[in-house]
Amino acid sequence: MRSSHTDGLPVSLDHLRRMTDDTGLIEHAIGRIPRRQEGYSTDDNARALWLAYEWLHYARERGLEAEAADLARLIDIYFAFLAWVQKPDGWFHNNVSYDRRFELEVPSDDCQGRSVYALAVGMCEERDPARLTAYAQVLRRGLEAAFGLTHARGVAHVVAAAARLLRHAEGAELPEDASPEFWAFVRQRLPGVVERGARDLVSRFEAHARGDWPWFEDRMTYDNAVMPWALFEAYALTGEARWREVAEASLDGLLARMRAPEGWLRPIGNRGFAAPGFTAIWDQQPLEIAQLAIACESAWRATGDTAYRRLTAECQRWFYGENDKGVPMADPADGSCCDGLTPQGPNLNRGAESTWSYLITEIHVERAFADDLDAARAFGAWVGVPRQTLASARSRRALGGFHR
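Along each chain, residue indices are assigned from 1 in the same order as the chain's sequence is written. Totals for whole chains, interfaces and linings use every residue, but because this is a predicted model, local features are given only for residues with pLDDT of at least 70 and side-chain atom pairs only at 80 or more, for both listing and counting. In computing side-chain properties, one takes all heavy atoms of the structure into account and sets aside hydrogens as well as water.

## What to know about the side chain of S357
Here is the rule we go by: Labels follow the DSSP assignment, with helices taken as runs of H or I lasting at least four residues and strands as runs of E lasting at least two, numbered in each case from the N terminus. Under the rule applied, a polar contact is a pair of N or O atoms within 3.5 Å (in protein, one hydrogen donor and one hydrogen acceptor; residues adjacent in sequence only if both atoms are side-chain atoms). A contact between two residues is defined here by any heavy atoms of the two lying within 4.5 Å.
Along the chain, S357 turns up in helix α12 (residues 352-369). A polar contact of 2.8 Å, which involves the side chain of S357, links it to the backbone oxygen of E353. In this structure, S357 is in contact with P286, L287, A290 and F319, ignoring residues within four places of it in sequence.

## Examining the packing of helix α8 (residues 226-238) against helix α9 (residues 241-257)
Our working definition: Axis angles are defined between N-to-C directions and span 0 to 180 degrees, where every axis is a line fitted to C-alpha atoms and, for a helix, only to the segment in contact. Just so you know how the angles are binned, under 35 degrees is roughly parallel, over 145 roughly antiparallel, 65 to 115 roughly perpendicular, and the rest oblique. Crossing chirality is assigned from the near helix's rotation relative to the far helix, an anticlockwise turn below a right angle marking it left-handed and a clockwise turn marking it right-handed. Polar here means any residue other than Ala, Val, Leu, Ile, Met, Phe, Trp, Tyr, Cys and Pro, which are nonpolar, and Asp, Glu, Lys and Arg, which are charged; Gly is therefore polar.
Orientation of α8 relative to α9, taken along the N-to-C sense of each, is 155°, at an axis distance of 8 Å. Between α8 and α9, the crossing angle belongs to the class labelled roughly antiparallel. The two elements α8 and α9 cross, and the hand of that crossing is left-handed. Packed against α8, whose contacting residues are P228, L231, F232, A234, Y235 and T238, the element α9 presents W243, R244, V246, A247, E248, S250 and L251 at the interface. Broken down by class, the residue content of the contact of α8 with α9 amounts to nine nonpolar, two polar and two charged.

## Considering the pattern of salt bridges
Between side chains of opposite charge, pairing is possible as soon as their charged atoms come close. As a reminder of what qualifies: One side-chain nitrogen of Lys or Arg within 4 Å of one carboxyl oxygen of Asp or Glu is enough to make a salt bridge. Each residue gets one of three labels from its accessible area relative to the maximum for its type: buried under 20%, exposed over 50%, partly exposed in between, using a 1.4 Å probe on protein chains only.
Tallied over the entire structure, the rule returns 36 salt bridges. The shortest N-O distance in the salt bridge between D76 and R131 comes to 2.8 Å. You can see D76 sitting in helix α3 (residues 65-85) and its partner R131 sitting in helix α5 (residues 129-146), a full 55 residues away along the chain. Accessibility expressed as a relative area gives 33% for R131, which makes it partly exposed. Between E233 and R167 there is a salt bridge whose closest N-O contact spans 2.8 Å. With E233 in helix α8 and R167 in helix α6 (residues 152-171), the pair connects residues that are 66 residues apart, well separated along the chain. Using a relative accessible area of 32% as the deciding quantity, one classes R167 as partly exposed. Here the residues in one salt-bridge network are E54, E125, R164, E297, R301 and R367, joined through shared partners.

## Quick word on the environment of G122
Of note, G122 is situated in helix α4 (residues 109-125). Expressed as a C-alpha distance, the spacing of G122 and T312, which sit 190 residues apart in the sequence, is 24 Å. Discounting residues that sit within four places of it in the chain, G122 has contacts with Y53 and Y135.

## Examining the layout of surface pockets
Selection criterion: Think of a 1 Å grid over the protein atoms and nothing else: a 1.4 Å probe that fits but is trapped marks a cavity, an open set flanked by protein within 12 Å on at least five of seven lines marks a pocket, and residues with an atom within 4 Å of a point count as lining. Grid points are joined across faces, edges and corners, and a volume is the space filled by probe spheres set on the points.
Its volume calculated, the largest pocket comes out at about 980 Å³. If you go around the largest pocket, you meet 41 residues; those closest to its centre are E54, H57, E125, R164 and R367. When contributions to the lining of the largest pocket are tallied by element, the ones reaching two or more residues are α2 (42-61), α4, α6, α8, α10 (286-303) and α12. Split into classes, the residues belonging to the lining of the largest pocket amount to 20 nonpolar, four polar and 17 charged.

## Some thoughts on the confidence of the model for the protein
For the record, the criterion: The predictor reports its confidence for every residue as pLDDT, a score running from 0 up to 100.
Taken as a whole, the protein shows an average pLDDT of 91; of its residues, 93% reach a score of 70 or greater. Here residues 1-5 is modelled with pLDDT under 50, and outside its nearest four sequence neighbours on either side it reaches 10 contacts, counting other chains as well. Note that pLDDT drops below 50 for residues 393-404; the model gives that stretch 26 contacts with residues more than four away or on any other chain.

## Focus: the packing of aromatic side chains
What characterises a pair of aromatic rings is the spacing of the ring centres plus the angle enclosed by the ring planes. Note the cut-off: Centre distance within 6.5 Å is the pairing criterion for rings of Phe, Tyr and Trp, where only the six-membered ring of Trp is used; planes under 30 degrees apart are then read as stacked, over 60 as edge-to-face, and the remainder as tilted.
If you walk through the whole model with that rule in mind, you get 22 aromatic pairs. Measuring from centroid to centroid gives 5.9 Å for Y40 and F81, while their planes differ by 50°, and the two rings are tilted. Linking Y40 in strand β3 (residues 40-41) with F81 in helix α3, this pair joins segments that are 41 residues apart in sequence. Neither Y40 nor F81 differs from the other in exposure class; each is buried. Geometrically, the ring pair formed by W50 and W229 is stacked, given 5.9 Å between the ring centres and 10° between the ring planes.

## Remarks on empty space enclosed by the protein
Per the counting criterion, the structure on display carries one cavity of 30 Å³ or more. What the largest cavity holds in volume is close to 40 Å³. Classifying every residue of the lining of the largest cavity by side-chain character gives two nonpolar, two polar and three charged.

## A look at the packing of α10 against helix α11 (residues 306-319)
In contact at an axis separation of 7 Å, α10 and α11 are set at 160° when each is read in the N-to-C sense. Between α10 and α11, the interaxial angle falls into the category roughly antiparallel. α10 and α11 meet at a crossing whose hand is left-handed. Seen from α10, the contacting residues are P286, I289, L292, A293, C296, E297, A299, W300 and T303; seen from α11, they are T306, Y308, R309, L311, T312, C315, W318 and F319. Tallied by class, residues from the contact of α10 with α11 come to 12 nonpolar, three polar and two charged.

## Re the environment of L49
Its place among the elements puts L49 in helix α2. Considering only alpha carbons, one finds L49 and L71, 22 residues apart in sequence, at a separation of 9.6 Å. Excluding residues within four positions of it along the chain, L49 makes contact with I75, Y78, F79, L82, A118, L119 and Y135.

## With respect to α10
Filter applied, for reference: Take the number of residues in a helix, subtract one, and multiply by 1.5 Å to get its expected span.
End to end, α10 covers 26 Å across 18 residues, agreeing with the expected 26 Å (1.5 Å per residue, within 8%). Burial runs high along α10: 17 of the 18 residues are buried. Looking one or two residues past α10, G304 carries a phi angle of roughly 80°, positive in sign.

Put into structure tokens, the structure is as follows:
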């Protein structure tokens with residue numbers, strides 16, 4: 001039976017709610033149950049903030065008031081978490097124990113970049129002036145700290161965040177009371193951030209790409225598609241041809257490593273990742289499919305190439321069984337997702353990152369096909385329909401049992 005909170009959404013958010021308490025989103029799960037002893041990560045709460053705003057936008061467009069109110073409640077929890085873990089210098093602390101103590105760690109460029117991007121989404125989607133004021137304060141400090149990031153994935157998230165903010169500043173009629181100082185800062189500072197960050201990514205590509213290895217680093221490891229995604233976002237904003245060239249070449253190179261001989265998508269495995277001459281098959285992480293879906297939807301919008309649109313539908317089908325084991329990874333009944341695909345089958349734990357990966361893929365498929373149902377049918381994408389209708393008794397058993 002569908003949750004009364006998501007009657008109007010095509011996905012269920014039951015598991016996301018199950019994993020969220022009044023502090024934030026718990027990082028890991030034992031099966032479907034939150035593993036409280038593992039605590040929280042800012043990475044996951046930032047992703048959850050991003051996710052909730054994307055579905056909030058969907059709900060508002062369709063007049064789904066109850067669903068929008070439920071998402072707004074989750075958003076306040078995730079934003080409060082990010083505001084809490086931000087240090088006076090603008091950096092976000094990543095790892096927090098269940099008893100709310102900050103754990104020892106080295107500051108993470110990746111966490112900083114993800115947090116900045118999530119807050120940028122919130123700044124562009126939020127309507128309440130009081131919340132916008134709070135977002136502007138936290139986001140500006142986070143951006144200023146992020147200007148000096150050196151790791152590629154952190155840089156990429158900041159480029160994408162800056163591009164999104166600049167598009168919003170240029171294309172929207174901003175209310176006079178909607179943080180004018182922040183938007184002045186965006187217009188003044190962020191064009192240079194996009195320029196420097198995109199050139200940084202292109203320089204990394206030019207330093208490492210050779211032959212059949214069109215990539216930014218010596219290895220393909222995790223969250224790989226974030227770099228081409230950032231360059232597509234920068235290209236869409238500026239029209240800089242070189243950024244599109246590198247985005248397309250790198251995404252094509254990544255796809256060559258993420259395609260099984262039989263034709264379906266195959267995330268690069270974390271047991272060795274990928275390097276020239278080698279690509280690990282296991283274990284496969286849903287995050288790689290999610291970021292690929294995000295990059296492909298961005299690529300389609302930036303270039304108009306329908307091949308990228310088709311790929312977003314392939315990403316969705318991976319979660320429903322078009323993968324190396326022919327098994328569903330996501331359970332539409334509660335919106336949860338298995339943590340990985342192993343040689344023995346799915347890892348039946350359903351933590352925050354994997355669940356985000358499934359739910360963010362679904363919203364990007366909705367965005368890619370919502371206005372073109374003929375294309376959705378042609379490319380094999382499920383759009384608009386409740387995903388629970390896709391969960392047969394057979395697939396439910398494969399996912400670890402029926403729901404109460």
